[in-house]
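Fold and contact review
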Amino acid sequence: MFQFKQFTINQDRCAMKIGTDGVLLGAWSPIPENIFSVLDVGAGTGIIALMLAQRSFAEQIDALEIDEEAYEQAVENFENSPWGHRLFCFHAGLDEFVEEPEDEYDLIISNPPFYSENYSSGDEKRDQARFSEAMPFEELIDAAALLLSENGIFSVIIPFKEEEKFMALAKEVDLFPMKITRVKGTPTTEIKRSLLAFSRFETEDFPVDELVIETSRHIYTAEYIALTKDFYLKM
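As recorded in an unreviewed UniProt entry, the protein goes by tRNA1(Val) (adenine(37)-N6)-methyltransferase and comes from Flavobacterium ichthyis. Recorded in UniProt under Subcellular location (unreviewed entry), the annotation for the protein is "Cytoplasm".

Here it is in structure tokens:
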């Protein structure tokens with residue numbers, strides 16, 4: 001069990017446990033004005049959808065999860081939260097979900113699986129949760145282009161080394177960067193992750209910055225504390 005300030009996450013049945021990536025994305029993502037609907041693709045425990053329920057007044061927060069155990073856990077976490085009436089989880093893959101799209105979404109958000117290397121941990125569920133074969137970037141980007149409302153925002157967290165490729169794929173479907181934050185573990189380590197937000201409008205001058213998580217072990221930077229303090233109990 002993982003206790004946040006306004007909600008609790010059970011994660012005993014999820015292959016992918018709560019990690020920094022999901023919390024970063026849920027806290028960082030821009031939120032459109034007058035937001036009504038959110039789609040969290042690859043919900044896992046439901047952490048990102050729950051963070052957006054806390055951060056926004058969106059009335060419809062849908063989540064998508066293909067793994068049955070994770071899906072059931074996300075539903076349970078949604079029902080136990082203060083925002084159960086706004087949260088709904090679909091047990092489906094993205095390919096099934098986009099076949100008959102009923103809604104447009106003002107915010108589409110995803111912490112996608114991203115180990116494209118031929119690597120296996122021996123745990124099939126964990127591998128599926130981590131591997132880009134389970135949800136290729138192209139599929140995610142095409143779905144965002146199809147389901148995003150006119151003034152909507154599409155937010156992801158990916159490995160920094162994939163940033164250029166991801167942005168090129170997004171451009172092909174007229175999704176353009178509006179904000180980029182590159183994440184480092186400590187001031188001296190390499191950039192590890194890219195937080196990317198896209199919209200349907202091309203702008204030349206959008207913010208690009210860097211976020212360092214800790215100065216040393218468990219000594220968090222002011223920027224990281226400011227970003228996550230509404231969620232973590234001890235921030």
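The next thing to look at is the overall build of the protein. Counting its regular elements, the protein contains 8 helices and 12 strands. Against the compact-globule benchmark of 18 Å for 235 residues, the protein has a radius of gyration of 17 Å, which places it among compact chains. Principal-axis analysis of the C-alpha atoms gives the protein an extent of 45 × 45 × 40 Å. Counting the 235 residues in the protein, one finds 51% classified as buried. Long-range pairs, those at least 24 residues apart, make up 71% of the contacts in the protein with a sequence separation of at least 6. As presented, the protein carries roughly 11,800 Å² of accessible surface, and 49% of it is formed by carbon and sulfur atoms. Charge separation in the protein, taken as the distance between the mean sites of 20 positive and 44 negative side-chain charges, equals 10 Å.

Let us now look at helix 6 (residues 137–147). Every buried residue of helix 6 is listed here: Phe137, Leu140, Ile141, Ala143, Ala144, Ala145 and Leu147. Along its buried surface, helix 6 packs onto strand 3 (37–41), helix 4 (94–99), strand 6 (105–110), strand 7 (148–159) and helix 7 (163–172).

What counts and how
- Residues numbered from 1 in each chain as written.
- Predicted model: local features only at pLDDT ≥ 70, side-chain atom pairs only at ≥ 80, totals over all residues.
- Heavy atoms only, no water.
- UniProt positions renumbered as here; feature names shortened; annotations may be inferred.
- Helix = DSSP H or I, 4+ residues; strand = E, 2+ residues; numbered from the N terminus.
- Rg over C-alpha atoms; globule rule 2.2 N^0.38 Å.
- Buried < 20%, exposed > 50% of the residue type's maximum accessible area, 1.4 Å probe, protein only.
- Contact = heavy atoms within 4.5 Å.
- Areas by Shrake-Rupley, 256 points an atom, 1.4 Å probe, with all protein chains shown as cover.
- Lys, Arg positive; Asp, Glu negative; His and termini not counted.
- Charge placed at Lys NZ, Arg CZ, Asp CG, Glu CD.

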